[in-house]
Amino acid sequence: IAEKSFEASKNLVHLEKALKDYPNDIKAHIDFSNAFYGVGKISECYQLLIQAIKIDPNWNDQEARKKLISFISNHDLNSEEAKKARRQLSSILFN
């Protein structure tokens with residue numbers, strides 16, 4: 001995860017533009033979240049994935065949800081960012 005995220009972080013400007021140009025593009029959300037994770041912007045990473053899940057929770061076999069869970073599991077399950085993201089995810093999936 002970390003290696004892919006680090007590689008993605010090299011393209012932050014390009015990824016930000018792609019998301020700005022196509023705000024409902026879930027793949028752009030996921031790619032940009034990988035970059036944020038790679039540069040240690042964990043909260044931003046989680047929020048992009050939450051946004052992607054809100055757009056379409058089932059996109060590409062729930063890729064955004066799986067990515068969020070993976071990032072949370074590999075970073076810090078008990079961080080405030082993780083707790084907030086888990087609450088938001090539960091709210092989306094169970095409401």
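If you're wondering where the values come from, they're calculated on a predicted model, not measured in any experiment.

Asks: Any chance you could break down the overall build of the chain for me, citing the residues and the numbers?
Replies: For the chain, the count of helices and strands is six helices and zero strands. Ordered by position from N to C terminus, the α and β elements of the chain give α-α-α-α-α-α. Taking all contacts inside the chain whose residues are at least 6 apart in sequence as the whole, residues at least 24 apart take part in 57%. In the structure as shown, the chain presents an accessible area of about 5800 Å², 49% of it carried by carbon and sulfur atoms.

Asks: Describe the packing of aromatic side chains, and please don't skip the residues or the numbers.
Replies: Here the distance between the centres and the angle between the planes together describe a pair of aromatic rings. Tallying each qualifying case throughout the model produces two aromatic pairs. Between Tyr37 and Phe71, the aromatic rings sit 4.1 Å apart at their centres with planes inclined by 10°, giving stacked as the arrangement. Of this pair, Tyr37 sits in helix H3 (residues 26-38) while Phe71 sits in helix H5 (residues 59-75); the two residues are 34 residues apart in sequence, bridging distant segments of the chain. In this pair, the class of Tyr37 matches that of Phe71, namely buried.

Asks: Run through the environment of Asn60, naming residues and quoting values.
Replies: Residue placement: Asn60 occurs in helix H5. Exposure remark for Asn60: the relative accessible area of 49% places this residue in the partly exposed category. It is 9.4 Å that separates the C-alpha atoms of Asn60 and Ile26, two residues lying 34 residues apart in sequence.

Asks: If you had to explain the nonpolar core to someone new, which residues and values would you point to?
Replies: Within the largest apolar cluster, 24 residues are counted, with the highest numbers of intra-cluster contacts made by Phe32, Cys45, Tyr46, Leu49 and Leu68. If one sorts the elements of this core by residue count, helix H4 (residues 42-55) sits on top with eight residues.

Asks: Let's hear about the side chain of Ser79: which residues, and what values?
Replies: Mapped onto the elements, Ser79 comes out in the loop between H5 and helix H6 (80-94). Residue classification places Ser79 among the buried positions, given a relative accessible area of 8%.

Asks: Can you tell me about the packing of H4 against H6, naming the residues and giving the values?
Replies: Taken N-terminus to C-terminus, the directions of H4 and H6 make an angle of 5°; their axes are 10 Å apart at the nearest point. By the criterion of interaxial angle, the relationship of H4 to H6 is roughly parallel. Judged by residue contacts, Ile42, Ser43, Tyr46, Gln47, Ile50, Ile53 and Lys54 of H4 engage Glu81, Ala82, Lys84, Ala85, Gln88, Leu89 and Ile92 from H6. Counted by class, the contact of H4 with H6 contains eight nonpolar, three polar and three charged residues.

Asks: Lay out H5 with the relevant residues and their values.
Replies: Between the first and last C-alpha of H5 there are 24 Å, a value that for 17 residues agrees with the 24 Å anticipated at 1.5 Å per step. At Lys66, H5 is deflected by roughly 30°, the largest bend along its length. Buried within H5 we find Ala64, Leu68, Phe71 and Ile72.

Asks: Account for the confidence of the model for the chain, with residues named and values stated.
Replies: Here the chain averages 90 in pLDDT, and 89% of its residues register 70 or above. At the level of individual helices and strands, the chain shows its lowest average pLDDT in helix H1 (residues 2-9), which scores 61, and its highest in H4, which scores 97.

Analysis parameters
- Residues numbered from 1 in each chain as written.
- Predicted model: local features only at pLDDT ≥ 70, side-chain atom pairs only at ≥ 80, totals over all residues.
- Heavy atoms only, no water.
- Helix = DSSP H or I, 4+ residues; strand = E, 2+ residues; numbered from the N terminus.
- Contact = heavy atoms within 4.5 Å.
- Areas by Shrake-Rupley, 256 points an atom, 1.4 Å probe, with all protein chains shown as cover.
- Phe/Tyr/Trp six-rings, centres within 6.5 Å; stacked < 30°, edge-to-face > 60°.
- Buried < 20%, exposed > 50% of the residue type's maximum accessible area, 1.4 Å probe, protein only.
- Core = buried A, V, L, I, M, F, W, Y, C linked by side-chain atoms within 4.5 Å.
- Axes fitted to C-alpha atoms, helices over the stretch in contact; angles between N-to-C directions.
- Parallel < 35°, antiparallel > 145°, perpendicular 65-115°, else oblique.
- Nonpolar A, V, L, I, M, F, W, Y, C, P; charged D, E, K, R; others polar.
- Expected span 1.5 Å × (residues − 1).
- Bend = angle between axes of the 7 residues up to and from the residue.
- pLDDT = per-residue confidence, 0-100.

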